[in-house]
Amino acid sequence: MLTVSLAERALYAFVFVSIVSHFVYARWIRCWSRVHHPPGPSPLPLLGNVYQLPDGHKEKTMSDWAVVFGKLVYVSFFRTRVLIVSSLDVAQEIMEKRSMHYSDRPRLVHMQEMMQWTSHLGYAASSEDFRKHRKWLQSAFLAHNSLVKYRPIQLREVRVLLDGMSGSSSQFEQHLNRFIGAILMEVVYGYTVTSADDKFLKYGSEVMEEVAHAGYPSLSPPDWLPFLKYVPTWLPFGKYRKESERFKDLVRKMRADPYDYVRKTMAAGTAPSSFTSTLVEEAVRTNLLTLQEEEDIKDMATLVYGGGMDTTVSTLSAFVLAMVLNPRVLKKAQEEMDYVVNQDRLPDFSDRNSLPYLECIIKEVYRWHVVAPLGVPHQSTIDDKVRGFDIPGKTVIIPNLWAISRDPERYPDPETFYPERFEHARAGSIPQTDPRKFIFGFGRRICPGRLLADANIWLAIANMVATLDIGKARDSAGSEIEPRVESTSGFISHFEDYMSDIKPRSENAAQLIAAAAV
Ligand code: HEM
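Residues numbered from 1 in each chain as written. Predicted model: local features only at pLDDT ≥ 70, side-chain atom pairs only at ≥ 80, totals over all residues. Heavy atoms only, no water.

Novice: What am I meant to see in the site of the ligand here?
Specialist: Taken together, 25 residues surround the ligand, and among them Arg-105, Arg-134, His-378, Phe-442 and Cys-447 come closest. The separation between an oxygen atom of the ligand and a polar side-chain atom of Arg-105 is 2.8 Å. The separation between an oxygen atom of the ligand and a polar side-chain atom of Arg-134 is 2.8 Å. Taken atom by atom, the bulk of the ligand overlaps the largest cavity. Listing elements by their share of the shell around the ligand, those giving two or more residues are helix H5 (128-141), helix H13 (291-325) and helix H17 (450-467). Here the shell around the ligand gets 6 residues from one element, more than from any other, and that element is H13. (Near = heavy atom within 4 Å. Polar contact = N/O pair within 3.5 Å; in protein donor to acceptor, adjacent residues only side chain to side chain. 1 Å grid on protein atoms, 1.4 Å probe; cavity = no way out; pocket = protein on both sides within 12 Å on 5 of 7 lines; lining within 4 Å. Sits in = over half its atoms within 2 Å of the grid points. Helix = DSSP H or I, 4+ residues; strand = E, 2+ residues; numbered from the N terminus.)

See the structure below:
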């Protein structure tokens, strides 16, 4: 009998793999060369550009690619084709002007199918479900009369925030967390938070912490290789499934418990009007409260609560850090504030138009720390041409919002925190682009909570400016501690913990805070 040595077998295997790779690569190159894609780093056969994508801060690597290849970079991760857009003009051109063909989401295997983080996020923009949910969001978070209804809640919670913040040094994020968590809990579920240890708040923070650190949607290995969702937890690559199992439990509680609270209070006739109770009432009235409808309502309530929490906390925390690092800016804002509110009351929404410098600070915070550095990916639905390049249908579109915020042509000296760049009154210059044009995403998928988020952020920042001094913490020898300025990597980015010194800026301010907290 003919025997084949181990070395021969290895040789045959090597020849076989080489021939197959050669054909696959040649075919692949032929496909690529027939069409004129935007440039990008050289892909490897089969793997594409996976090996060039770092684990952390992908937005920075993608920015480097934009410097080398231009504002449109085309890459592939296994069979997933990705267009990275680092120009605001092009992002608006395709995701806003051609919104009809660029508003789907790619298949989100990791975040949606494995972690089960809300189905709305993945619906096609043309689907009935998507349209129905967008209508719900529109009337609750974009209609003027809805937003006005939330003001008493916002004004109450900002007082609690001031009370907590004055005297904080490193733990202030928990007060920011409570501020936004309490507003959203009441708006979404009609539930009043009475302590920072509230169990619903805790669910929300835990879930959002996981979401923030989970891989970026559509750039996580299970998104490229969906079979990974079946890999047993004890095998290599089983970690995605293991983490998802833990996360699924948290999401289940976050979806079910506050919803049950709403149903119970509705049955007892004590439920205040909320996003959830309004949807349930409407479904009961039209005889449509099926199990599926209940799941949809739960799903949307969780998405709204989750979508608003971490993003707002991260923005407000960036404001505090910016003030620690830029005492000049805080002082200038306080002078403007004193002129308007005269240190004898707290600012409220009616003061907004009278505080133009504060407005510039908020824009600069949005730009300086883009909380969702790569936004949320869209997907194209048709073969298209963009600026002379071919973009095939089903290409994942990633807007590199971080790169846009650092574009030196749009924002000279982009790393410097400089609110004056947005001033209208500066002689000889035009104000730079308002970052709200991109930080909330684009087109049909644009963030439906943007007006509520902006109102919460304005109110919190205005009240902090009016009453608090925010500076560097000192060590036991009395020397200032330089805060570290490093942001975390992931879907939602935060600054790493830093020390600060936050206290009432005057006796008057201390009395205002104390009186408001009663
Ligand atoms: C500073 C605060 C916030 C930022 C920076 C932010 C940013 C974003 C971004 C970039 C997107 C993706 C848009 C796109 O695909 O083009 C998004 C989607 C979304 N946001 Fe926000 N957001 C914030 C606050 C909020 C708040 C307060 C809510 C709820 C009231 C909210 C609810 C949502 C929802 C439901 C979506 C999904 C929309 C969809 O897929 O159709 N967000 N947000």
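Novice: Is there a simple way to think about the sheet that holds strand S3 (residues 378-379) in this case?
Specialist: Strands belonging to one sheet form pairs held by backbone hydrogen bonds; the direction of such a pair is parallel or antiparallel. As summarised here, the arrangement of the 4 strands in space is S1-S2-S6-S3, forming an open sheet in which the pairing is mixed. Looking along the sheet, the strands with just one partner apiece sit at the ends: strand S1 (72-77) and S3. Pairing between S3 and strand S6 (residues 396-399): 2 bridges, direction antiparallel. Bridged to His-378 within S6 is Ile-397. Contacts from helix H2 (residues 58-69) reach S1, strand S2 (80-85) and S6 within the one sheet, and its direction differs from that of S1 by about 125°. Contacting S1, S2, S3 and S6, helix H3 (residues 88-97) crosses the sheet at an angle of about 125° to S2. (Pairing = 2+ DSSP bridges. Contact = heavy atoms within 4.5 Å. Axes fitted to C-alpha atoms, helices over the stretch in contact; angles between N-to-C directions.)

Novice: Sorry if this is basic, but what is going on with unusual backbone geometry here?
Specialist: Leave glycine aside and you will find that most residues have negative phi; peptide bonds, for their part, are mostly trans. At Leu-46, a position not held by glycine, the phi torsion is positive, near 65°. Inspection of the secondary structure puts Leu-46 in the loop between helix H1 (6-34) and H2. In this structure, His-57 is a non-glycine residue whose phi angle is positive, near 45°. Considering the arrangement of structural elements, one finds His-57 in the loop between H1 and H2.

Novice: Please clarify how the packing of aromatic side chains should be interpreted in this entry.
Specialist: Each aromatic ring pair is characterised by the separation of its centres together with the angle its planes make. Scanning all chains against the criterion turns up 14 aromatic pairs. Ring centres of Phe-141 and Tyr-150 lie 6.4 Å apart, and the angle between their planes is 40°; this geometry places the pair in the tilted category. Residue class for Phe-141 comes out buried when judged on its relative accessible area of 2%. Tyr-150 gets classed as buried once you look at its relative accessible area, which sits at 8%. (Phe/Tyr/Trp six-rings, centres within 6.5 Å; stacked < 30°, edge-to-face > 60°. Buried < 20%, exposed > 50% of the residue type's maximum accessible area, 1.4 Å probe, protein only.)

Novice: Got a minute to help me understand a nonpolar patch on the surface in this structure?
Specialist: Residues Leu-44, Leu-47 and Tyr-51 make up a contiguous nonpolar surface patch of roughly 260 Å² in combined accessible area. Its location among the elements puts Leu-47 in the loop between H1 and H2. (Patch = residues over 30% accessible without salt bridge, like charges linked within 9 Å, V, L, I, M, F, W, Y side chains within 5 Å. Areas by Shrake-Rupley, 256 points an atom, 1.4 Å probe, with all protein chains shown as cover. Salt bridge = Lys/Arg side-chain N within 4 Å of Asp/Glu carboxyl O.)

Novice: Is there a simple way to explain the nonpolar core in this structure?
Specialist: Most often, soluble globular proteins keep nonpolar side chains buried together rather than apart. In this structure, Trp-117, Phe-275, Phe-319, Val-320 and Met-464 are the most contacted members of the largest nonpolar core, which totals 141 residues. Of the residues forming this core, the biggest block, 16 residues, is contributed by H13. Aside from chain neighbours lying at most four places away, what touches Trp-117 is Met-111, Gln-112, Val-207, Met-208, Val-211, Phe-247, Val-251, Met-254, Thr-302 and Gly-306. (Core = buried A, V, L, I, M, F, W, Y, C linked by side-chain atoms within 4.5 Å.)

Novice: Can you help me understand the UniProt feature "binding site: heme" (unreviewed entry) in the protein chain in this one?
Specialist: Taken from the UniProt record, the annotation "binding site: heme" (unreviewed entry) applies to Cys-447. Here Cys-447 is to be found in the loop between helix H16 (401-405) and H17. (UniProt positions renumbered as here; feature names shortened; annotations may be inferred.)

Novice: How should the pattern of salt bridges be read in this particular structure?
Specialist: Side chains carrying opposite charge are able to pair once their charged atoms draw close together. Throughout the structure, instances matching the rule amount to 38 salt bridges. Note that Lys-132 is salt-bridged to Glu-293, the shortest N-O span being 2.9 Å. A residue pair is termed long-range when its members are at least 10 positions apart, and Lys-132 in helix H5 and Glu-293 in helix H13 qualify at 161 residues. Classification of Glu-293 as buried rests on a relative accessible area of 12%. With a shortest N-O distance of 3.1 Å, Asp-434 and Arg-436 are connected by a salt bridge.

Novice: Looking at this structure, how should I read empty space enclosed by the protein?
Specialist: Leftover empty space is mapped by rolling, across the atoms, a probe with the size of a water molecule. Applying the stated criterion across every chain, the model contains 3 cavities of 30 Å³ or more. Each pocket or cavity is described by its volume, and for the largest cavity that value is around 870 Å³. Split by residue class, the lining of the largest cavity holds 27 nonpolar, 12 polar and 4 charged. Both of domain 1 (39-101 + 377-406) and domain 2 (102-376 + 407-517) provide at least three residues apiece to the lining of the largest cavity. (Points joined across faces, edges and corners; volume = space filled by probe spheres on them. Nonpolar A, V, L, I, M, F, W, Y, C, P; charged D, E, K, R; others polar. Domains from an automatic or database assignment.)

Novice: Got a minute to help me understand the pairing of S2 in this structure?
Specialist: Two faces belong to every sheet, and in a regular strand the side chains alternate between them. Counting buried residues along S2, 5 of its 6 residues qualify, which places the element largely inside the surrounding structure. Taken together, the 6 bridges between S1 and S2 define a ladder with antiparallel strand orientation. Bridged to Val-75 within S2 is Val-82. Linkage of S1 to S2, two consecutive antiparallel strands, is achieved through a turn of 2 residues, within which Phe-78 is found at a positive phi near 50°.

Novice: Looking at this model, I keep getting lost on the domain arrangement of the protein chain. Mind explaining?
Specialist: Where interface size is quoted, it is often the accessible area lost as the parts come together. Parsing the protein chain into structural domains produces domain 1 (39-101 + 377-406) and domain 2 (102-376 + 407-517). Taken over C-alpha atoms, the centre of domain 1 sits 27 Å from the centre of domain 2. Taken over both partners, the interface formed by domain 1 and domain 2 buries close to 3500 Å², and the fraction arising from carbon and sulfur atoms is 60%. Considering only the side of domain 1, the residues that lose the most area to domain 2 are Pro-377, Leu-401 and Arg-406, jointly responsible for 23% of the buried surface there. Summed over the shared surface of domain 1 and domain 2, the result is 3 salt bridges. In this structure, the salt-bridge partner of Lys-71 is Asp-407, at a minimum N-O distance of 3.5 Å. The interface formed by domain 1 and domain 2 contains 20 residue pairs in polar contact (both at pLDDT 80 or more). Among the secondary structure elements, those contributing two or more residues to the side of domain 1 that touches domain 2 are H2, H3, S3, strand S4 (384-386), S6 and H16. Partitioning the side of domain 1 that touches domain 2 into residue classes produces 21 nonpolar, 12 polar and 9 charged. (Buried area = accessible area lost by both parts, 1.4 Å probe.)

Novice: Help me understand the environment of Phe-179, please; the structure alone is not making it clear to me.
Specialist: Here Phe-179 is to be found in helix H8 (residues 172-189). Judged by relative accessible area, which is 1%, Phe-179 ranks as buried. Residues Phe-179 and Leu-162, spaced 17 residues apart in sequence, show a C-alpha to C-alpha distance of 9.5 Å. In this structure Phe-179 touches Gln-154, Glu-157, Val-158, Leu-161, Leu-316, Asn-456 and Ala-460, once residues within four positions along its chain are discounted.

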